[in-house]
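A look at the structure
The residues making up each chain are set out below.
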Amino acid sequence: MSDLSLFLGQFLRRPSEIRAIAPTGRATAREMARLVTPQMAAVAEIGAGTGTITQAILAHGLPPERLELYELNAAFCGRLRERFPGTRVHNLPAQEMVNVGRGDLDAVISGVPTLPMPDELQAAIVGAALSMMKPGAPFVQITYGPVAPLSETVRARFRLVHEKSRRIWANLPPARVYVFRQPA
Ligand SMILES: C[S@@+](CC[C@H](N)C(=O)[O-])C[C@H]1O[C@@H](n2cnc3c(N)ncnc32)[C@H](O)[C@@H]1O
């Protein structure tokens, strides 16, 4: 089954978890992976789906053994294991990375749809990621909405500053990429 068919089928079963009808487009995936370098010791991707962004991350020369993937959906995890041997695929919510993941992450790349989530869930996900990241490391978040994908309350709680990309029209729906950091 193609990635598109798998994605659409899972979206129809679990629309509130997946929140997009198609995987991220290539231009957006490249923007999401922009800060990854082959020298990074450990990177995590959360909400990896069928792996479009994963592929862009690995295309930067990061060895797969240094990439951890977190994904709620079991069918997507199966696809990720097939496509990306060497990566560690966790069929777990991202907020549980503190129990199983590697620390001192150089970056976290997030396809998790944070924008529609309540503040407590946003905070659980970002708080877990920040506790595993090196100081000042980027938390890269995709969004389809017109505003920042983490609420003002959550940004204030974790003292996050951010920069954002231009809107990427060649995506369904059009997307923007935010890079959040806790100033060191
Ligand atoms: C919009 S899709 C993006 C998938 C993929 N990153 C892409 O760009 O094509 C959101 C993904 O996040 C996953 N997801 C939602 N909540 C999650 C959570 N708390 N932890 C991990 N994955 C989650 C969904 O199962 C889905 O695969």
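Everything quoted here is computed from the prediction, not taken from an experiment.

Details of the sheet that holds strand E5 (residues 139-143)
- The strand order across the open sheet formed by 7 strands is E3-E2-E1-E4-E5-E7-E6, and the pairing between neighbours is mixed. The sheet is open, and its two borders are formed by strand E3 (88-90) and strand E6 (161-164), each paired with just one other strand. Adjacent strand axes in the sheet meet at a mean angle of 20° when their direction is disregarded.
- With 3 bridges joining them, strand E4 (residues 107-110) and E5 adopt parallel strand pairing. Along E5, the bridge assignment pairs Ser110 with Gln141.

Examining the site of the ligand
- Residues in close proximity to the ligand total 23 residues, the closest being Ile18, Thr24, Gly47, Glu71 and Ala94.
- Thr24 places a side-chain nitrogen or oxygen 2.3 Å from an oxygen atom of the ligand.
- Interatomic distance of 2.7 Å between a backbone N/O atom of Gly47 and a nitrogen atom of the ligand.
- When the ligand is considered free in solution it has 590 Å² of accessible area, and contact with the protein chains removes 97% of it.

Rules used in this analysis
- Residues numbered from 1 in each chain as written.
- Predicted model: local features only at pLDDT ≥ 70, side-chain atom pairs only at ≥ 80, totals over all residues.
- Heavy atoms only, no water.
- Pairing = 2+ DSSP bridges.
- Helix = DSSP H or I, 4+ residues; strand = E, 2+ residues; numbered from the N terminus.
- Axes fitted to C-alpha atoms, helices over the stretch in contact; angles between N-to-C directions.
- Near = heavy atom within 4 Å.
- Polar contact = N/O pair within 3.5 Å; in protein donor to acceptor, adjacent residues only side chain to side chain.
- Areas by Shrake-Rupley, 256 points an atom, 1.4 Å probe, with all protein chains shown as cover.

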